[in-house]
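# Chains, contacts and geometry: an overview
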Amino acid sequence: MVEKMNTETSAITMAAMNVTSEDYEPIWFDWLDHSVFALMLGVSTLVGVFIGLYGKQDTKVDYLLGGKVMNTLPVAVSLVASHLSGITLMGVPSEIYLYGLQYFTMVISVFIMTYLINYVYLPVFFSLQLTSTFEGGLKAVVWTDFLQSFVTLGSCIAVIFLGVSNVGGFKKVYEISYHGGRTDMFNMDPSPFARNTFWTVSVGMTFLQLCHCGINQGMVQKFLALPTIKNARRSLYIFSTFYIIMKALSCFIGLLIYSSYHDCDPIQTKRITRADQILPYFVMHTAEHIPGLPGLFIAGIFSAALSTMSSTLNSLAGTIFEDFVQPAIRGTRLSNHATLVLRAIVLGVGAISVLMVFVVEKLGGVLELSYTVQGVTAGALLGMFSLGIFIPWANVKGALSGSIISVAFMSWIMVGAQRAIAAGKKHSHLPTSVAGCDNSTSGWQELETTTKSYSIEYDGSVFFLYRISYLYYTLVGTMTVMIVGGTVSYFTGPKVPCKMDKRLFAPFLHKWTHPSSKEEEADPREKESLEMK
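Not measured: the values here are computed from a predicted model.

Calculation notes
- Residues numbered from 1 in each chain as written.
- Predicted model: local features only at pLDDT ≥ 70, side-chain atom pairs only at ≥ 80, totals over all residues.
- Heavy atoms only, no water.
- Helix = DSSP H or I, 4+ residues; strand = E, 2+ residues; numbered from the N terminus.
- Buried < 20%, exposed > 50% of the residue type's maximum accessible area, 1.4 Å probe, protein only.
- Areas by Shrake-Rupley, 256 points an atom, 1.4 Å probe, with all protein chains shown as cover.
- pLDDT = per-residue confidence, 0-100.
- Contact = heavy atoms within 4.5 Å.
- Expected span 1.5 Å × (residues − 1).
- Disulfide = S-S within 2.5 Å.
- Patch = residues over 30% accessible without salt bridge, like charges linked within 9 Å, V, L, I, M, F, W, Y side chains within 5 Å.
- Salt bridge = Lys/Arg side-chain N within 4 Å of Asp/Glu carboxyl O.

## Section: the overall build of the protein chain
- Looking only at helices and strands, the protein chain features 21 helices and zero strands.
- Looking at the 533 residues of the protein chain, the share that counts as buried comes to 54%.
- Split by element, the accessible area of the protein chain, about 23,700 Å² in all, is 66% carbon and sulfur.

## Section: the confidence of the model for the protein chain
- Scored by pLDDT, the protein chain has a mean of 78; 75% of the residues are at 70 or more.
- The secondary structure element of the protein chain with the lowest average pLDDT is helix H21 (residues 524-532), at 41, and the one with the highest is helix H18 (residues 473-491), at 95.
- Overall, residues 517-533 carries pLDDT values under 50, and its contacts beyond four positions in sequence, including any with other chains, amount to five contacts.

## Considerations on helix H4 (residues 72-83)
- End to end, H4 covers 17 Å across twelve residues, agreeing with the expected 16 Å (1.5 Å per residue, within 8%).
- Judged by how many residues are buried, H4 sits mostly within the fold: eleven of twelve residues are covered.
- Along H4, the positions that sit buried rather than exposed are Thr72, Pro74, Val75, Ala76, Val77, Ser78, Leu79, Val80, Ala81, Ser82 and His83.

## Concerning the state of the cysteines
- For the structure shown, the criterion picks out one disulfide.
- Across a sulfur-sulfur distance of 2.1 Å, Cys264 and Cys437 are joined as a disulfide pair. Disulfide Cys264-Cys437: torsion about the S-S bond near 110 degrees, hence right-handed. On the criterion of sequence distance, the pair formed by Cys264 in the loop between helix H11 (229-261) and helix H12 (278-286) and Cys437 in the loop between helix H17 (396-422) and H18 is long-range, its members being 173 residues apart. Residue Cys264 shares its accessibility class with Cys437, and that shared class is buried.

## Details of helix H14 (residues 338-355)
- In this model, H14 (18 residues) spans 26 Å end to end at C-alpha, consistent with the 26 Å of a helix rising 1.5 Å per residue.
- For H14, every residue scored as buried is listed here: Ala338, Thr339, Val341, Leu342, Ile345, Val346, Val349, Gly350 and Ser353.

## What about a nonpolar patch on the surface?
- Taken together, the side chains of Phe186, Met188, Trp199 and Val203 present a nonpolar region at the surface, about 370 Å² in accessible area.
- With respect to the element layout, Met188 can be found in the loop between helix H8 (170-179) and helix H9 (198-215).
- You can call Met188 partly exposed: its relative accessible area is 41%.

## Overview of the pattern of salt bridges
- For the structure on display, the rule yields four salt bridges.
- The partner of Arg274 in a salt bridge is Asp276, and the shortest N-O contact between them spans 3.3 Å.
- Between Asp501 and Arg503 there is a salt bridge, and its shortest N-O distance comes to 2.7 Å.
- Residue classification places Arg503 among the partly exposed positions, given a relative accessible area of 37%.
- What emerges from the salt-bridge pattern is a single network uniting Glu95, Arg195 and Glu368.

Laid out in structure tokens, this is it:
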């Protein structure tokens, strides 16, 4: 969670501060843009302060789970806003611009993820009702997310219609993107070493999405804030629907940017210094004549970032308090002031995250970097939870050994891959061109006016494990935990499933782990009548 939040903060900060290189005159906000941006931040702050001061948050359940009386729609929208981060809004368009529409096949992973969460993970967590999923202020988080999501959606739609109008219509966007090779979504190459294929995206993203939405503290905490599992499932369906819609909008913005700069690449001409800056550059370049619109769009990006950060900080505070602080302060005066302790934790973690910006900003592209770094820990986390849910004999020794080996193994792969990338051995981008640039623009004449790629392919000198697609990192990490953890558990005193709480296991395993008795199979109303007698 912390890695994602730090990457998010850095990406937004860099984009907002510098969308052009020193060789070109930068495009600045005017007073109206600053006003729109400040208004968004001010309203979001006021919502949080109002609920924090006047909302009922006297107990830990009120603070972490909103008193378990939250409504389905605000929670669903909050789930979308939290998961649809600034990394998505900035990273996905640049991904489409450079590598094409293959990334959009991740919608397949959303359907698979929704099914698995609905029938496996959600029933387990909801029946256990854990405040921390690692046992295992939410109202403010949900309502600020609800507000910020409309800012994000509105700004995306405004920029899309303006950009399409400038290009010449939706048909023109598609034609330019098609001829530029950006619309191919079915590269069926089965190689795990290919960067983006149908398989790496749809299969690899399934495991990453499961970690993000199935076991992530920020997501599970919001599901548990709903009164019944029926409400939680309805919220999951709404979340998945709107999540796909927002991903589609982000991908289309990527095609829109390519159709606008297909013959005058701003990266080659050094108008921008990083691919992640291409979205704010596009917005400032396209919408500079419309007062307030650049400010609205940048506010939308910050809204997405703030939404992710607020959810992450709240859930991380719950985890730290439940697993580390509460056992230490039990029986002391601080135990009667849990909400104050939780707020202090949020403040401390937030300060550390802001300082980490100066480290993250020196690393690579935001989307690939985010998925790569998260893949190291996401596989271990998903593997641990899945080990306990799917393997009945799993024990603590197996979980610990599997997770430690998984993190070490994936860290080694990630470091090796990053060193190869630093040496220039990385996957090629799709070609871009500067053939249509204005001759009066300084700084591009020395470049070739033909199409060119930015980088070279991996070659045989790179160790094969370092060449694995970054989208498979979570899958490899998860399988490592399951295999190592299951094996170690089997040989070090396996658990006896029938002696454990059956709620710990996936529902479809109950028939084997806890054979049903006549009393359990009886009609619930009949059982209640017998107990009353």
